[in-house]
Structures are given as structure tokens and as C-alpha cells.
Amino acid sequence: MTQIQSEYNFAYLDEQTKRMIRRAILKAVAIPGYQVPFAGREMPMPYGWGTGGVQVTAAVLAPQDILKVIDQGSDDTTNAVSIRQFFAKTANVVTTEKTTEATIIQTRHRIPETPLNEDQILVYQVPIPEPLRFLEPREVETRKMHALEEYGLMHVKLYEDISRHGHIATTYAYPAKVDGRYVMDPSPIPKFDNPKMNMCPALQLFGAGREKRIYAIPPYTQVTSLDFEDYPFEIQKWEENCALCGAEDTFLDEVILDDQGNRMFVCSDSDYCNDRQAQGHRGEANREDEMEAAQ
Amino acid sequence: MIGSHDVLLNVENLTMMYGARVGCEEVSFDLWPGEVLGIVGESGSGKSTLLRCISGQVAPTHGAINYKTRANGVRDLFTGMSEPERRFLMRTDWAFVHQNPRDGLRMSVSAGANIGERLMAVGQRHYGNIRATAQDWLGKVEIADERLDDLPSTFSGGMQQRLQIARNLVTSPRLVFMDEPTGGLDVSVQAKLLDLLRGLVQDLGLSVVIVTHDLAVARLLSHRLMVMQQGRVVESGLTDQVLDDPQHPYTQLLVSSILQA
């Protein structure tokens, strides 16, 4: 681990800024799902790379915390690696790839498959916090709609999905109602992960850097995905199991193997997949390897 | 049948100022259930300002707008009602038909979703029922069944206007505001639309406030007429009476300007 560099304050942001962000977080926790504006700072990375999440993480991070960063469920993609290094360098905190060891997990696209616990905080990087944006572009109007709980428009989008595709074709950033009041955009997580937000023991914080909004789901809060009575909410299903660990109930990524149409499906949560393999679970691809090795 | 206790909408001394300039001034009228009131006048005479005020879009500078609500008796639109109540009224009991259908439609979603929006806004959550109602309304405004899933941008101007009307009437409103509903349509399409509107108004017993500069439209649809000039009502009365025997010089000018075919 590199030495903490003296020209930076702990976790990069100055203490006043962190106080301001913590105040926004407290308000967000007090009003679950409500988008709290905050004075977002310039971060040493471009918008869209997780500036909102990084600011929230910096504000809640303590020296004894253990940080995990995932992007697309994986710990070793560019975005995850650079944010992990950023905090290792500016806060000198211990980092990990293990979901069970981490106290703070910053994520872009996934909620880990391993259930979270009360001692953990999940920080989401959010590109577009406003679920009504694409149907009602006026920010003044959408804020009023949130204030007056006028959410009929959200169902217009789902209606349009069904009439065009025969089913609700929204697969990510699937709108959900928090604590029976505010409708929120759960960042670009797949709808597969929506049920994990419901009654989750961990605190969930959402930071949008470009739009300068923070919102939150406190622990054990009801989160309901919107749907129709005759078209209930459903999560994605796969016919395949994970090719590496054989898991049947995880979110799978498709991996193209060659230009002959060969492909395989693997868990998107790489830590969960590695854990299962370490426990001796085997998928199709691994079994073949072992058989070859035995011969 | 007509008594003051039956008045649906009562407007008293309504004045709307834009800074020092007058939008409309000292306008008063009553609207009874099932009645169609036409407001005519040239551009800039304050017709649209008046319509925007009485439909709850902007608060007047002073004056009262009393509406007989379904549940809570007569209430003033701005002093007697909170904003959520007013907005709820606007999307359930009222309808507003814009001159340009693009202002009143959601162009990026299908015709069905456009008609269904108000239903979903009042809490309907059954896709099949919403779709069936939308289909039914499409038929009522004479648009072919198979266009239900098409975008409004693929519709002709006349169809868009009819779709806008269907979208507005789906919650069975009691009061409809129309701002030049036939403007921008060619004459044969206008005639068809007017026919349709007259039928709907009669069948559903709607009360209508219709703003137009087209006296032919006014004569065809409205029972009573108000003539506006420079923000003031200069003459009002039964439509035939006003058009056949105009008293005010401006009304006389207006009537004599109609081209005789």
C-alpha cells in the first residue's frame, strides 16, 4: 500500500465539502427516494465515470473502512480498478474484492449476489437520477410531479413497452417506488437486482455527479418495482447456468468465444463466481477442462 | 331548468394584466351544464389569455373563477383550491384541446398510450382494461383500430386533432376548453371535425368554452357568444342573435367581414 500523500486531505475532499455532502446524505436518508441537490465538486475524473459515487464514498469513508469497488459486477474492470486505487492512494484504506469483507461497496451496474448485512453501505454511481426525464424533459415540472406524487406518466412508459414488445421491455434502470412514496431510478442496475433493494439490511446511497443529486434507501425499506396488474414485475431468466461455477440463480453475462457462434454465460459478479468455484462448484466449461486434464 | 344554483362555471370581474399592459379586463360570465360558449375576436383581443385563466393555467391579476366541483361544492379556482386539487381537476373533470395537436399530445408514445395517460394518472393499473378503453375511444373519434400502436407523428393533422380530443375525453370530463380546435386544418377536415365535436358534445352533455376567430365555427358549435376586443367583452348573447343582429360596431365589422361563398 502506498503512503498517504500529504498534499491531499483524507479521501481527497476537504472536510467542509464532506460535511456538506453528509448533510445531503442525512436529508436523503430522512426522505427515502427523494433527490437531494448538493454542491457537487469537480473530481479528477470525467463525468460518467462515477464522480457522484466517488464523492458519496469520500464523505462516508473512515480510515478503518474496507472498500470494494465493482463495475459490471466485476472487480477488475478499468473503472473499478482506478476508483479503488484512487481511495487506496488518497485515504490509505484497505481494499478488498470480497463482498463479505467490505464495509463500503461502490458499484456501477450491479448489487452483489451475496446478501448484504447491516454493517455495510452500498454506494451507487448514478448517471441520470430523474426517472421521469425521458417522458417529461422539464425539470421544474418533474420536481412538481414528485412533490404532488403524480406518477401516472411512469406507467405510460411501461404501457408503451408492452404495446411495442408484448412485455415490459425495460431491463435496467427499472423504476421503483421507495417506502410507498417517491419513485426513483435505481441507476443502471438490471431489473434482476431490483428485488435485492427491497428490505435490504445495508444502507444504500445514490450519487449523481453531473446532475448533482443524492438520494438514499435506508436499511429495511420497502422498495416496489412498478408494474401492471395483468403484467406483473418479472426479473430476467436464463436457460443456461454459469459456465464456470454452475450457478442457476445469478445474473449472467454472455461471453463471445469465437466467430463460429460459440459463446458461454458466466456470472457477472466475479467475486461470487470465484467463491463458488473455490467451494468446488463446477460449470460446463470447467468440467470439460477437468476431464481433459484427467485424460 | 336554468337557475343560478346550477351554474357550472362562474367568472366575475376577471382581469389579467401583463405588467402595465392589459391581457383581458373585467370579464364576467356564467356557464351552465351542457352549454357551449363561444369566444370570438381578432388576434390580441384577449381570448387566449381569458382561456388560460379560466382553465387554471395562470392566476388572474384579480377577479373570481368559481367552479362547481363534483364533491366539494362551489370553489374558487385559485383562492379556494390548492395546487394539487387544481391539477387533479385539470386532468379528470376538465379537458383542454390545443390548437396545435402537438402541444396536447405526447408525440413520442403511441396513440394508445396517449389516450391511456389520463387513466393511468388517476390510478388505473390494468393494461388490458386501459388498452380496451383506448381502442374504444379511437373508434369514437373515427380512427381505424389498427392505428392504436402507431405514433401520433405518423397521423395526419386531422387525425392528430381527433386523437387529442379522445385523449382529453377519456376520463369523462364535464368541462372542455378548446383553443381554435379547427385552426390549421383544411376546410373539409374542419367540417368533419366540427361534426364529430358536435356529436360528442351532445352525446356526453359536455360544457364547452371554445375560443375561435372563425365565426362559422362559432355559429355551428356554440349556443352563446361573447365578442372580445382589446381585452374587453363588447357584446354577448345567443349566437344567432349576435351574428344576425350585431349591435356593437366591432361585431358589425366582424360579421360583415365574412366572405360570402
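Provided above is the structure to which this section pertains.
Residues numbered from 1 in each chain as written. Chains lettered and ligands numbered in written order. Predicted model: local features only at pLDDT ≥ 70, side-chain atom pairs only at ≥ 80, totals over all residues. Heavy atoms only, no water.

**Notes on the pairing of strand β10 (residues 232-238) of chain B**
A regular strand carries its side chains on alternate faces of the sheet.
Residues and elements named next belong to chain B.
Part 1 of the reasoning: Sheet topology note: the strand β9 (residues 224-229)/β10 ladder contains six bridges and is antiparallel. Bridging from a neighbouring strand, M226 pairs with S236 of β10.
Part 2 of the reasoning: Following β9, the chain reverses through two residues before pairing antiparallel with β10; Q230 in that reversal takes a positive phi of roughly 50 degrees. (Pairing = 2+ DSSP bridges. Helix = DSSP H or I, 4+ residues; strand = E, 2+ residues; numbered from the N terminus.)

**Description of the pattern of salt bridges**
Part 1 of the reasoning: Overall, the coordinates contain 33 salt bridges over all chains when judged by the stated rule.
Part 2 of the reasoning: In this structure, A:R110 engages A:D193 in a salt bridge whose closest nitrogen and oxygen atoms are separated by 2.7 Å. Of this pair, A:R110 sits in the loop between β4 (104-107) and β5 (121-125) while A:D193 is found in the loop between β7 (182-184) and α6 (194-197), placing the two residues 83 residues apart along the sequence.
Part 3 of the reasoning: In this structure A:R110 comes out as buried when scored by relative accessible area, which is 2%.
Part 4 of the reasoning: Using a relative accessible area of 0% as the deciding quantity, one classes A:D193 as buried.
Part 5 of the reasoning: B:D93 serves as the salt-bridge partner of B:R70, at 2.7 Å between the closest nitrogen and oxygen. Here the residue B:R70 occupies a position in the loop between β4 (62-68) and β5 (74-76), and B:D93 occupies one in the loop between α2 (83-92) and β6 (94-97), the gap between them amounting to 23 residues.
Part 6 of the reasoning: In this structure B:D93 comes out as buried when scored by relative accessible area, which is 4%. (Salt bridge = Lys/Arg side-chain N within 4 Å of Asp/Glu carboxyl O. Buried < 20%, exposed > 50% of the residue type's maximum accessible area, 1.4 Å probe, protein only.)

**Quick word on the side chain of B:T239**
Residue and element names in this part refer to chain B.
Part 1 of the reasoning: Examined against the element boundaries, T239 turns out to sit in helix α9 (residues 239-244).
Part 2 of the reasoning: T239 sits in the buried class, given a relative accessible area of 2%.
Part 3 of the reasoning: A distance of 2.9 Å separates the side chain of T239 from the backbone oxygen of H223, its partner in a polar contact.
Part 4 of the reasoning: Discounting chain neighbours no more than four positions away, the residues touching T239 are A218, R219, S222, H223, R224 and L225. (Polar contact = N/O pair within 3.5 Å; in protein donor to acceptor, adjacent residues only side chain to side chain. Contact = heavy atoms within 4.5 Å.)

**What about the sheet that holds β7(A)?**
Residue and element names in this part refer to chain A.
Part 1 of the reasoning: Strand order in the open sheet made by the three strands is β7-β6-β10, with antiparallel pairing throughout. Of all strands in the sheet, those with a lone pairing partner are β7 and β10 (223-225), marking the two edges. Each adjacent strand pair in this sheet contributes to an overall mean axis angle of 30 degrees, direction not counted. (Axes fitted to C-alpha atoms, helices over the stretch in contact; angles between N-to-C directions.)

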